[in-house]
Amino acid sequence: MDALRCMPGVGPKAAQRAAFHLLQYDRPGAQRLASALGRALQTIRRCARCNSFTEEELCALCASAKRDPSLLCVVETPADLLMLEQTLAYNGLYFVLMGRLSPLDGIGPREIGLDVLLERATDGAAREVIVATNFTNEGEATAHYIGEMLRGRGIKVSRIARGIPVGGELEYVDTGTLAQALVERRPVSNA
Amino acid sequence: MSERRARDRAVDEGYVLHTYPYRETSLLVEIYARGAGRMTLVARGARRPRSAMRGVLIAFQPLQLSWYGSGEVRTLIRAEWIGGQPLLQGAALLCGFYLNELLLRLLPREDPHEKLFDRYGEAMRGLASEAVTGPILRSFEKSLLREIGYAMVLERDVAGDCGIDPAKTYTYDPEKGPLEVSAVASAGMKLAGQTLLDIARDDFSSAVTQQQAKLLMRLLINHRLEYQPLKSRRIFQELMEL
């Protein structure tokens, strides 16, 4: 039961229910769970190029010939990567930081591997780095320093846009977003 | 229960200093409020995808906060954006993190510091709008030290018990104040008399004053922190090395 509680969202009650269920009614299920966890722990590691989880040396995305190697998108977590993939709007490669700069938690450039990103971004393939960290203070600070680090080395760095959501109506948008959308307004293009 | 709840209820203007994940969907929020001072609130459900507090509980922005409770950790009921100040950008964010860490480390809990609260608001507005951050940080550091009971001696030589001569050189004893030293004296921090007088008047226009004031403030703050290092300072240095 203690072991089950290490999962997010599982408290003492839920752990007890799951444990009794597995032992009483579903021993094959428990066996499957145990071997799946064992296998995952043994085979899953970090992709050598994007730092995300994979079973191979390179993840399927990094190994794919269909992706455009001149674009590199930096995200905080593998979950963010999956979200961007669902948009079907991006055809380049990724780099997963597995975190963000958070000075008050003692998380700095070393902890999120900015040196690895620097190596990856300057290996000659990438022409543009798109920073898709969160729009929190920590994510913004991360984006700023990635920009500083790469711009000096002749790589184009861009930041994903923020503002009113697609289909959004001003009346129902939160004030913070609206204020920032005004600050970051752009000229109406005539294209 | 509801009667008690109404009695323990408070509404105050405040800033988020830092947040920590708590349980599955909640946040522990360290705040600095005008009347209540520094406090810890729990924001229940604030990490749920559709929580109204998600996106509002961010640092460096003035908020209207209401909470109830009487223990060490109160419960946040509502947080609303007051606005009127652009978000911090770029290097100013690191300055903001630094000031928040100073408050978290040096300001005692549940002790109102209204004057300092105003200084903090000014510093945030300054960081959001001005390119030069040094004077904003120095001025806030000075106010913070004074608020927690360590007003700096800046206009009197504590050894000779006389005024500061702008042309002379001084060192600074963190427990006492400025002491005159000969300009060629060996070790230790050396400050121009002019620097001390400039800090006293919050005038950081000279480059020498800015540079020396930074060293002096670092010494005094380190002393108050009993030489336990600041995380934000270490990370700033690491970022500069990139």
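Residues numbered from 1 in each chain as written. Chains lettered and ligands numbered in written order. Predicted model: local features only at pLDDT ≥ 70, side-chain atom pairs only at ≥ 80, totals over all residues. Heavy atoms only, no water.

**Student:** Just to check I follow, could you spell out the confidence of the model for chain B for this structure?
**Tutor:** Caution applies to low-pLDDT parts of the model: their predicted coordinates are not meant to be read in detail. For chain B, mean pLDDT is 91; residues scoring 70 or higher make up 95% of the total. Two numbers describe this predicted complex: its pTM, 0.90, and its ipTM, 0.89. (pLDDT = per-residue confidence, 0-100.)

**Student:** Would you take a moment to explain the pairing of strand β1 (residues 10-22) of chain B for this structure?
**Tutor:** Within a regular beta strand, the side chains point alternately toward one face of the sheet and then the other, so they alternate between its two faces. Residue and element names in this part refer to chain B. Strand direction decides the pairing type here: β1 and strand β4 (residues 63-68), joined by five bridges, are antiparallel. The residue of β4 that forms the bridge with aspartate 12 is leucine 65. Here β1 folds back onto strand β2 (residues 26-33), and the loop between the two strands holds three residues, one of which, arginine 23, carries a positive phi near 50°. (Pairing = 2+ DSSP bridges. Helix = DSSP H or I, 4+ residues; strand = E, 2+ residues; numbered from the N terminus.)

**Student:** Just to check I follow, could you spell out the interface of chain A and chain B for this structure?
**Tutor:** How big an interface is tends to be reported as the loss of accessible area on association of its parts. Taken residue by residue, the interface counts 28 residues in chain A and 28 residues in chain B. Summing the contributions of chain A and of chain B, the shared interface buries around 2,400 Å²; its carbon and sulfur component is 66%. It is Leu104, Asn137 and Tyr145 of chain A in chain A that bury the most area against chain B; as a group they hold 32% of the surface buried on that side. Applying the counting rule to chain A against chain B returns two salt bridges. Taken together, the connections running from chain A to chain B amount to five residue pairs in polar contact (both at pLDDT 80 or more). Of all the elements, helix α6 (residues 137-151) of chain A adds the most residues to the side of chain A that touches chain B, at seven residues. (Contact = heavy atoms within 4.5 Å. Buried area = accessible area lost by both parts, 1.4 Å probe. Salt bridge = Lys/Arg side-chain N within 4 Å of Asp/Glu carboxyl O. Polar contact = N/O pair within 3.5 Å; in protein donor to acceptor, adjacent residues only side chain to side chain.)

**Student:** In this structure, what is going on with the packing of α6 of chain A against helix α2 (residues 91-106) of chain B? I would like to understand it.
**Tutor:** How two helices pack is summed up by the angle between their axes together with the distance between the axes. Contact geometry for α6 of chain A and α2 of chain B: axes closest at 8 Å, N-to-C directions at 135°. In terms of orientation, α6 of chain A and α2 of chain B fall into the oblique class. Here α6 of chain A and α2 of chain B pass one another in a crossing that is left-handed. Taking contact as the criterion, the partners of Asn137, Glu138, Glu140, Ala141, His144 and Tyr145 of chain A in α6 of chain A are, on α2 of chain B, Ala91, Leu93, Leu94 and Phe97 of chain B. Within the contact of α6 of chain A with α2 of chain B, the residues separate by chemical class into six nonpolar, two polar and two charged. (Axes fitted to C-alpha atoms, helices over the stretch in contact; angles between N-to-C directions. Parallel < 35°, antiparallel > 145°, perpendicular 65-115°, else oblique. Left-handed = near helix turned anticlockwise from the far one by under 90°. Nonpolar A, V, L, I, M, F, W, Y, C, P; charged D, E, K, R; others polar.)

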